[in-house]
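Chain by chain, the residues:
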2 protein chains.
Amino acid sequence: MAADAVSFEPVRPVRAYQRVAEQIEERILSGELPPGSRLPAERELVRQFAVGRSTIREALRVLQSSGLIRSRPGDPLGAEVLGVSPDNLSQALDRLARSHLSGLGELVQFRMALDAESYRLAARLHRAEDLAELERLAERMAELVAVDPRAFGEADAAFHRSLAEASGNALLALCARAVHDAVAGAIEGKLSRSGEEAEAWMLRSVEHHRQVLAALRAGDGPGAARLGRQALYDHYAEYVGAADRERLRAALDEA
Amino acid sequence: MAADAVSFEPVRPVRAYQRVAEQIEERILSGELPPGSRLPAERELVRQFAVGRSTIREALRVLQSSGLIRSRPGDPLGAEVLGVSPDNLSQALDRLARSHLSGLGELVQFRMALDAESYRLAARLHRAEDLAELERLAERMAELVAVDPRAFGEADAAFHRSLAEASGNALLALCARAVHDAVAGAIEGKLSRSGEEAEAWMLRSVEHHRQVLAALRAGDGPGAARLGRQALYDHYAEYVGAADRERLRAALDEA
DNA sequence: AGAGATCTTCTGGTCTGACCAGTCGCCTGG
DNA sequence: CCAGGCGACTGGTCAGACCAGAAGATCTCT
C-alpha cells in the first residue's frame, strides 16, 4: 500500500478548452448557475479565463452539445444556461439505435424492460395526484379517438410520460422517454396505417390504458408490468423481422 | 390537410459547424467510417468543406465530446474514429446523477431494472460460448480473492459486462455498463472498506456469481433476475439514505 | 552495417484580429 | 405617444500566425 501511495500517475495533457468547459459545467451542476441564468459574453469570458476566444468558443460548443447551455447570435445577455436535460441522453440513445449496433428489435426489447419496471414501480409507489392525472389523460384520449389522430398520439405520449414519472424515478422516466422517442424515430414512415386501422389501434390503446389504470389502482405491480410488455409486443411485433420477433417473445415470457 | 400542406415551417438558422458535424457523424453512424479509421487532417477538412479552420475545429469538438472521435496533437494520421460507445451515455447519466435531479438511489434502482432484465434474457438466450466465457471469468475471480483486490474489481466488471452481452441485446448491455460506471463514479470514495471487509465482500461476490451461473445453466430467467436485484440491494443499501432504501426495497419486492 | 542522435515536416492546440449579420436599447422626429 | 432609425453590442466565421509534440527521414558515429 505504501509503495502504491508514492507511485505517480501518468500525467495526461489537459486542453485549455477542456478546463474552461469543466469549470463552467461545475458551476452549472452545482446549482451556482441555475437554469435560466446567463453566461457572460464570449469576449468577457476571454478576459476572465485569460485564453483566446477560439478556446472559449470550443468550450461553449462542448457545453452546448451536451445540452447544458444554448446560445443565440446577437443576444446581448450571453448564452443561456439550460441545466441538465434528458436531451443529451436521448441523443446518445438515438446514436446507439441508429448505429448498426442495434436494430428496432433491440430497441423495443429495451423499452419493454424500462416500461415494465416503471409500470411496476408506479403501481406500488404512485401518489394520488399521479393517478388523477393519468385518469384525466386517459379520458382525454378516449374523447379524441376518431377525432384527431395527431392529438391522440400526443396525448398517448403524455400518458406514458406521466406513467413513467409516477414510478418516482426520474432517471427511469427520462430513459423511457428517450427510448420511446428513439423507437418512434426508427419506425418513422413505416407506420402508415389506413384510417380504419388507425381507429382500431386507438381503440386498443384506450382499452390498454384502462387495464393499466386498473392494475395501478389495485397496486398490482407485476400485472401492470405484464400489460406494458404485452402492449409493446402487440404494437411492434409486426414491424420487426422474424429473428427480432423471437427476441421480443423471449422478453415477454416469464415476465 | 391541404391547408397544413402549404403552411411554412419556421426556418431556423443552421450553423456551419453543425452541418460539418452532421456530415461526419452521418458517415460514422452509417459505417462508412468504421472505428479505427482516420479522419483527414484539419487543414484538409478545411479544403474539403470550404470553411474556416475554427469551424472545422468546433465541429470536431462536438464529435469528440460525443465520444465519436478522438484527436491527439501531432498525430499525422488525423483524428481517430471511435464509433459509438457507451461513454457518452455514462457521461450523461453521470451528469443526471450529479445534478439534484437524480441521486444514488435512483441510479441503483435503475441499474436493478437493467441488470435484472439482462440476467433474465441471458438465462433464456445465452449461447454455449457465453457460458464458457462467464465460467472462465468466475474462476479467475475466485483465484484473485485476497490476492489483488484491484484486479478482482476489474474481473468483476468484466463478468458483469459479459453477462449483459450474453443477453443478446447490445443496447441493453451498453446501458447497463454506462449505469454501472455512473454508480461507480457516484459512490467513489464512500467505498472505503477495510481489508477484512473487502475480503468478505469478494467472497460474497464469488458466491453470488456462482448462483447466477447456476441459474443461467438451468435457464431460470426469473431466478437470475431476482439474484441480480438482490445482489445490488445487498451491495448498495447501506450507502443510500432511508428514503432511497425504501425505494430500493420497492424495486426488490414482487420482482 | 547497425544504432543512435538530429532534422524536417507534418499534426493539433492556441492566439490574434478582423468582418459579418443579426439583435436590442436608445433616441429622435413625427 | 409611438415609429423608425441609429449605434453598440452579440455570436458566427474566417484568415493567418505561432507553438509544442509526434513521426519518419536523414545523418553521424561506432
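Here's a quick rundown of the structure. All figures in this text were calculated on a predicted structure; none of them were measured in a lab. (Residues numbered from 1 in each chain as written. Chains lettered and ligands numbered in written order. Predicted model: local features only at pLDDT ≥ 70, side-chain atom pairs only at ≥ 80, totals over all residues. Heavy atoms only, no water.)

## What about unusual backbone geometry?
Residues other than glycine seldom take positive phi values, yet Ala50 of chain A does so here, at roughly 60°. Following the sequence through the fold, Ala50 of chain A ends up in the loop between helix 3 (42-49) and helix 4 (53-65). (Helix = DSSP H or I, 4+ residues; strand = E, 2+ residues; numbered from the N terminus.)

## With respect to the protein's contact with DNA strand D
Around DNA strand D sit 26 residues, and of these Arg53 of chain A together with Ala16, Gly52, Ser54 and Thr55 of chain B come closest. A share of 67% of the atoms of DNA strand D within 4 Å of the protein falls on sugar and phosphate groups. Between DNA strand D and Arg53 of chain A there is a distance of 2.5 Å, counted from a base oxygen to a side-chain nitrogen or oxygen. Thr55 of chain B is positioned with one of its side-chain polar atoms (N or O) 2.4 Å from a phosphate oxygen of DNA strand D. Counting only elements with at least two residues in the surface near DNA strand D, the list comes to helix 3 and helix 4 of chain A together with helix 2 (16-29) and helix 4 (53-65) of chain B. Among the residues making up the surface near DNA strand D, the classes are represented as 8 nonpolar, 7 polar and 11 charged. (Near = heavy atom within 4 Å. Polar contact = N/O pair within 3.5 Å; in protein donor to acceptor, adjacent residues only side chain to side chain. Nonpolar A, V, L, I, M, F, W, Y, C, P; charged D, E, K, R; others polar.)

## Observations regarding the interface of chain B and chain A
The interface of chain B with chain A comprises 52 residues on the first partner and 53 residues on the second. Here chain B packs against chain A, burying approximately 5100 Å² in sum over the two surfaces, 56% of which is carbon and sulfur. Linking chain B to chain A there are 10 salt bridges. Two residues, Glu58 of chain A and Arg57 of chain B, come together in a salt bridge whose shortest N-O distance is 2.9 Å. Linking chain B with chain A are 29 residue pairs in polar contact (both at pLDDT 80 or more), by the criterion used here. Listed by contribution, the elements that provide at least two residues to the side of chain B that touches chain A are helix 2, helix 4, helix 5 (87-98), helix 6 (104-125), helix 9 (170-187), helix 11 (221-236) and helix 12 (242-252) of chain B. The element best represented in the side of chain B that touches chain A is helix 6 of chain B, accounting for 11 residues. (Contact = heavy atoms within 4.5 Å. Buried area = accessible area lost by both parts, 1.4 Å probe. Salt bridge = Lys/Arg side-chain N within 4 Å of Asp/Glu carboxyl O.)

## Some thoughts on the nonpolar core
A general feature of soluble globular proteins is that nonpolar side chains tend to end up buried together. The biggest cluster of nonpolar side chains holds 104 residues, and the ones touching the most others in it are Leu93, Phe110 and Leu114 of chain A together with Leu114 of chain B. Ignoring sequence-local partners within four residues, the contact set of Leu114 of chain A consists of Leu172, Cys175, Ala176 and Val179 of chain A together with Phe110 and Leu114 of chain B. Counting 24 residues, the second-largest nonpolar core is a separate cluster that includes Leu137, Leu144, Leu213 and Ala224 of chain A. (Core = buried A, V, L, I, M, F, W, Y, C linked by side-chain atoms within 4.5 Å. Buried < 20%, exposed > 50% of the residue type's maximum accessible area, 1.4 Å probe, protein only.)

## What to know about empty space enclosed by the protein
All names here are of chain B. In the structure shown here, the tally under the stated rule is 5 cavities of 30 Å³ or more. Space inside the largest cavity adds up to approximately 120 Å³. Forming the walls of the largest cavity are 13 residues, and the residues nearest its centre are His160, Arg161, Ala176, Arg177 and His180. Elements with a minimum of two residues in the lining of the largest cavity: helix 6, helix 8 (149-165) and helix 9. Considering every element that reaches the lining of the largest cavity, the biggest residue donor is helix 9, with 5 residues. Grouping the amino acids of the lining of the largest cavity by side-chain chemistry returns 5 nonpolar, 3 polar and 5 charged. (1 Å grid on protein atoms, 1.4 Å probe; cavity = no way out; pocket = protein on both sides within 12 Å on 5 of 7 lines; lining within 4 Å. Points joined across faces, edges and corners; volume = space filled by probe spheres on them.)

## Quick look at the relation of the copies chain B and chain A
For the pair chain B and chain A, the relating rotation is 180°, the translation along its axis is 0.2 Å, and the fit reaches an RMSD of 0.8 Å. Taken together, the rotation and translation describe the operation of a two-fold axis. Both copies contact each other with a shared surface, as 100% of the interface residues of chain B are interface residues in chain A too. (Least-squares fit on C-alpha atoms with pLDDT ≥ 70 in both.)

## Some thoughts on the protein's contact with DNA strand C
Neighbouring DNA strand C are 26 residues; Ala16, Gly52 and Thr55 of chain A together with Arg53 and Arg57 of chain B lie closest to it. Among atoms of DNA strand C positioned within 4 Å of the protein, sugar and phosphate together represent 66%. Separating a phosphate oxygen of DNA strand C from a backbone N or O atom of Gly52 of chain A is a distance of 2.6 Å. At 3.4 Å, a side-chain N or O of Arg61 of chain B approaches a phosphate oxygen of DNA strand C. The class makeup of the residues in the surface near DNA strand C is 8 nonpolar, 7 polar and 11 charged.

## Comments concerning the pattern of salt bridges
Enumeration according to the criterion identifies 44 salt bridges over all chains in this entry. Among the ionic pairs, Arg27 of chain A bridges to Glu32 of chain A, the shortest N-O distance being 3.2 Å. For Arg27 of chain A, a relative accessible area of 41% puts it in the partly exposed group. Glu26 of chain B serves as the salt-bridge partner of Arg98 of chain A, at 2.9 Å between the closest nitrogen and oxygen.

## Description of the packing of helix 6 (residues 104-125) of chain A against helix 11 (residues 221-236) of chain A
All names here are of chain A. It is at 7 Å that the axes of helix 6 and helix 11 come closest, and there the two elements cross at 150°. Classified by the angle their axes make, helix 6 and helix 11 are roughly antiparallel. Relative to helix 11, helix 6 is oriented so that their crossing is right-handed. Here Val108, Arg111, Met112, Ala113, Asp115, Ala116, Tyr119, Arg120 and Ala123 of helix 6 lie close against helix 11, whose contacting residues are Gly221, Pro222, Ala224, Ala225, Gly228, Arg229, Leu232, Tyr233 and Tyr236. (Axes fitted to C-alpha atoms, helices over the stretch in contact; angles between N-to-C directions. Parallel < 35°, antiparallel > 145°, perpendicular 65-115°, else oblique. Left-handed = near helix turned anticlockwise from the far one by under 90°.)

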